[in-house]
Amino acid sequence: MILYHGTNMDFDGIELSKSSPYKDFGKGFYLTDIRNQAEQLAEKKAKLFKGTPIVQMYEFDETVLHSPDYKVLLFEKPTREWAEFIYKNRNRNSHFHHDYDIVFGPIANDGVAYLLGRFEEGTLTLDELTKELQFRELNNQYFFGTEKAIKLLKRI
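Now for a look at the structure at hand. (Residues numbered from 1 in each chain as written. Predicted model: local features only at pLDDT ≥ 70, side-chain atom pairs only at ≥ 80, totals over all residues. Heavy atoms only, no water.)

**Points about the pattern of salt bridges**
- Tallied over the full model, the rule gives six salt bridges.
- Between glutamate 15 and lysine 18 there is a salt bridge whose closest N-O contact spans 3.8 Å.
- Taking the relative accessible area as the measure of exposure, glutamate 15 reaches 45% and is therefore partly exposed.
- For lysine 18, a relative accessible area of 66% gives the class exposed.
- Between arginine 80 and aspartate 127 there is a salt bridge; the shortest N-O distance is 2.8 Å. Pair noted here: arginine 80 is in helix α2 (residues 80–90) and aspartate 127 is in helix α4 (residues 126–133), with a separation of 47 residues, a long-range link.
- Since its relative accessible area comes to 46%, aspartate 127 is described here as partly exposed. (Salt bridge = Lys/Arg side-chain N within 4 Å of Asp/Glu carboxyl O. Buried < 20%, exposed > 50% of the residue type's maximum accessible area, 1.4 Å probe, protein only. Helix = DSSP H or I, 4+ residues; strand = E, 2+ residues; numbered from the N terminus.)

Structure below.
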């Protein structure tokens, strides 16, 4: 399968140390199987941080998602477990860290920080948070969080 990464500057090698923490699935390299989604993210990054919108393409053998050789977490749709996992990864007061090589699932809604704050203060239940985090038009994200997983990506 082909995966896309939207960015504001081109690069050759993926360096996990340069990844931002507190993202939906933690600190790692994120891609999507939806080209338009990557294009929109590249434009957004270029506006925020300057640079040129670039969509990088990577080849990935998706059979790895079911291989016992990799630690993989799959969220086919927004669930309570998905919302809780995002909450743990985005919570700056937590020292949560997982050891998954790859995580796949929907992208949370853009108002994530606000919603997580409401959940933390107790004005949203986990079920309400799950419902509110659902992106109006569900978009996919693939998280690659280990060097072992990064080696599975072949730039094209």
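**A look at the sheet that holds strand β1 (residues 2–7)**
- The strand order across the open sheet built from three strands is β1-β3-β7, with neighbouring strands paired in antiparallel fashion. Looking along the sheet, the strands with just one partner apiece sit at the ends: β1 and β7 (154–155).
- Where strand β3 (residues 54–59) meets β7, two bridges bridge the pair, whose relative direction is antiparallel. What sits directly across from glutamate 59, in β7, is lysine 154. (Pairing = 2+ DSSP bridges.)

**Things to note about the sheet that holds strand β4 (residues 72–74)**
- Judged by pairing direction, the sheet is mixed, and its four strands sit side by side in the order β2-β6-β5-β4 without closing on themselves. Only two strands of the sheet have a single neighbouring strand rather than two, namely β2 (29–31) and β4. Each neighbouring strand pair of the sheet contributes to a mean axis angle of 15 degrees, computed without reference to strand direction.
- Across three bridges, the pairing between β2 and strand β6 (residues 140–144) is antiparallel. Considered in β6, the bridge of tyrosine 30 is made with phenylalanine 143. (Axes fitted to C-alpha atoms, helices over the stretch in contact; angles between N-to-C directions.)

**Quick notes on the environment of lysine 131**
- Among the structural elements, lysine 131 can be located in helix α4.
- Spatially, the C-alpha atom of lysine 131 lies 15 Å from that of glycine 117, the residues being 14 residues apart in sequence.

**What to know about the packing of aromatic side chains**
- Scanning the entire structure with this criterion turns up twelve aromatic pairs.
- With a centroid separation of 5.9 Å and an interplanar angle of 45 degrees, the aromatic rings of phenylalanine 25 and phenylalanine 85 are classed as tilted. Residue phenylalanine 25 is found in the loop between β1 and β2, and its partner phenylalanine 85 is found in helix α2; the two are separated by 60 residues along the sequence. The same class applies to phenylalanine 25 and to phenylalanine 85, which are both buried.
- Between the aromatic rings of phenylalanine 60 and phenylalanine 144, the centroid separation amounts to 5.2 Å while the plane-to-plane angle is 90 degrees, which identifies the pairing as edge-to-face. Taken together, the positions of phenylalanine 60 in the loop between β3 and β4 and phenylalanine 144 in strand β6 put the pair 84 residues apart, joining distant regions of the chain.
- The rings of Phe25, Phe75, Phe85, Phe96 and Tyr100 are connected pair by pair, giving a single aromatic cluster. (Phe/Tyr/Trp six-rings, centres within 6.5 Å; stacked < 30°, edge-to-face > 60°.)

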